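Secondary and tertiary structure notes
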Amino acid sequence: MKLLIADRAIDVASASEGRFAADPQAVYEVFDDFKQWAAGQDDHRDAAELDPASLGSPAPAPRQVFAIGLNYADHAAEGGITQLPEEPTVFTKFASSFSGPVSVVRLPTEAVDWEVELVAVISRTARDVDLEHAWSHVAGLTVGQDLSERRSQLRGPVPQFSLAKSHAGFSPTGPVLVTPDELPDPDDLEIGCTVNGEEVQKARTADMIFSVPQLIAHLSSVVTLYPGDVIFTGTPAGVGMGRKPERYLQPGDELRSWVEGIGELRQRFVAR
């Protein structure tokens, strides 16, 4: 696990002399202690240049993964849905689909779509959290892609969201986890992605129907959230399925996804 200091990074396990594990998932169990320690590492002699391609997911093995559908009105509209949800639409992505920020993804079919998302990682056990205190349960925010195989998603009498969105490499996240206090306004960030340099999605997270605090309040009213749990918060308009004609990722395509103040993902696609 790396700690980013300005544009350089240190190895956490080494710098902390074993106080914190090399596994990033373990740090969420002691996140308050880790954050306090990290605040004192501003001038570290061993800081080195960071290569995003060497990084894995900031939360590679969460106990629970929540994904939110139809959380931008324009995305709902491009899917022909005119009545907005009164509460979050929730499904899951399986953790075996997680990868780091720079990856090569094999296309299982000819109908794989892009969905850039802001991703939140939980810092402490949460149950019945109110809106006022919801941000205090967030370890940080990162960039995610909810890659989606549309044929199996829509085949059959009911949608198969979770499996269709959990093929190998379908949940890249990263490149870093940014704590909410490091962002000017964590509720309003530019988000977008490009395919081969062409902008296909661009919005602001302030456009979400349900904000990060609202999602945490809702989810924690039903289930217990645990340190290191991951929430994919939904995607704005511009997905391939919503275009006429439909457009999907092809072998050789490069997908770049970003969130303001956090960074960029880079995925390249190859045939199965």
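Not measured: the values here are computed from a predicted model. (Residues numbered from 1 in each chain as written. Predicted model: local features only at pLDDT ≥ 70, side-chain atom pairs only at ≥ 80, totals over all residues. Heavy atoms only, no water.)

A few words on helix α3 (residues 31-38). Those residues of α3 not exposed but buried are F31, F34, W37 and A38. The buried residues of α3 occupy one face: seen down the axis, they fall within an arc of 125°. Those residues of α3 that are buried are in contact with β1 (2-5), β2 (8-11), α1 (12-15), α2 (24-27) and β10 (138-145). (Buried < 20%, exposed > 50% of the residue type's maximum accessible area, 1.4 Å probe, protein only. Helix = DSSP H or I, 4+ residues; strand = E, 2+ residues; numbered from the N terminus. Arc of directions from axis to C-beta. Contact = heavy atoms within 4.5 Å.)

Right, let's get into the sheet that holds strand β9 (residues 116-122). The mixed open sheet is built from 7 strands, whose spatial order is β5-β4-β15-β9-β10-β12-β6. Strands with a single pairing partner mark the edges of an open sheet, and in this sheet they are β5 (89-91) and β6 (98-99). Where β6 lies against strand β12 (residues 171-178), 2 bridges are found, and the strand directions are parallel. Paired with S99 across the strands is P172, a residue of β12. (Pairing = 2+ DSSP bridges.)

This part is about unusual backbone geometry. Cis geometry is found at the peptide bond from G174 to P175, where omega equals -5°. For P175, the position within the fold is in strand β12. The amide bond that connects K244 to the next residue, P245, takes the cis arrangement and shows omega of 0°. Among the structural elements, P245 can be located in the loop between β15 (230-232) and β16 (254-259).

This paragraph deals with the confidence of the model for the protein chain. Per-chain confidence: the protein chain averages 95 in pLDDT, with 99% of residues scoring 70 or above. At the low end of the mean pLDDT range in the protein chain sits strand β3 (residues 48-49), at 85; at the high end sits β15, at 99. (pLDDT = per-residue confidence, 0-100.)

What follows is about the sheet that holds strand β14 (residues 198-204). Taken in spatial order, the 5 strands line up as β7-β17-β16-β13-β14 in an open sheet, and their pairing is mixed. Either end of the sheet is taken by a strand with one partner, and the two such strands are β7 (102-107) and β14. Each adjacent strand pair in this sheet contributes to an overall mean axis angle of 20°, direction not counted. Direction of pairing for strand β13 (residues 190-195) relative to β14: antiparallel, over a ladder of 6 bridges. Each residue of the ladder has a partner; that of V195, found in β14, is E198. (Axes fitted to C-alpha atoms, helices over the stretch in contact; angles between N-to-C directions.)

Because side chains alternate across β1, one face comprises the buried residues L3 and I5, and the other comprises K2 and L4, none of which is buried. Sheet topology note: the β1/β2 ladder contains 4 bridges and is antiparallel. Among the inter-strand pairings, L4 is bridged to a residue of β2, identified as A9. Hairpin geometry of β1 and β2 is characterised by an intervening segment of 2 residues between the two adjacent antiparallel strands and by a positive phi of about 55° at A6.

Applying the stated criterion across every chain yields a total of 7 aromatic pairs. Judged by centre distance (6.1 Å) and plane angle (45°), the ring pair of F31 and F34 falls under tilted. Here F31 pairs with F34, and both are found in helix α3, just 3 residues apart, close to one helical turn. Comparing F31 with F34, the two get one shared label, buried. Measuring from centroid to centroid gives 6.1 Å for F98 and F232, while their planes differ by 70°, and the two rings are edge-to-face. In this pair, F98 is assigned in strand β6 and F232 in strand β15, connecting sequence segments 134 residues apart. Here F98 falls in the buried class, since its relative accessible area comes to 13%. (Phe/Tyr/Trp six-rings, centres within 6.5 Å; stacked < 30°, edge-to-face > 60°.)

Attention shifts here to the pattern of salt bridges. Counted by the stated rule, this structure contains 17 salt bridges. Close ionic contact of D146 with K165 constitutes a salt bridge, the shortest N to O distance being 2.8 Å. Taken together, the residues span a long stretch of sequence, with D146 in the loop between β10 and β11 (148-149) and K165 in the loop between α6 (161-164) and β12 at a distance of 19 residues. As far as the burial class goes, D146 and K165 line up, both buried. Within the structure, one salt-bridge network assembled from shared partners comprises K93, D113, E115, D146, R150 and K165. (Salt bridge = Lys/Arg side-chain N within 4 Å of Asp/Glu carboxyl O.)

As defined by bridge partners, β2 adjoins β3 across 2 bridges and the pair is classed as antiparallel. Considered in β3, the bridge of A9 is made with A48.

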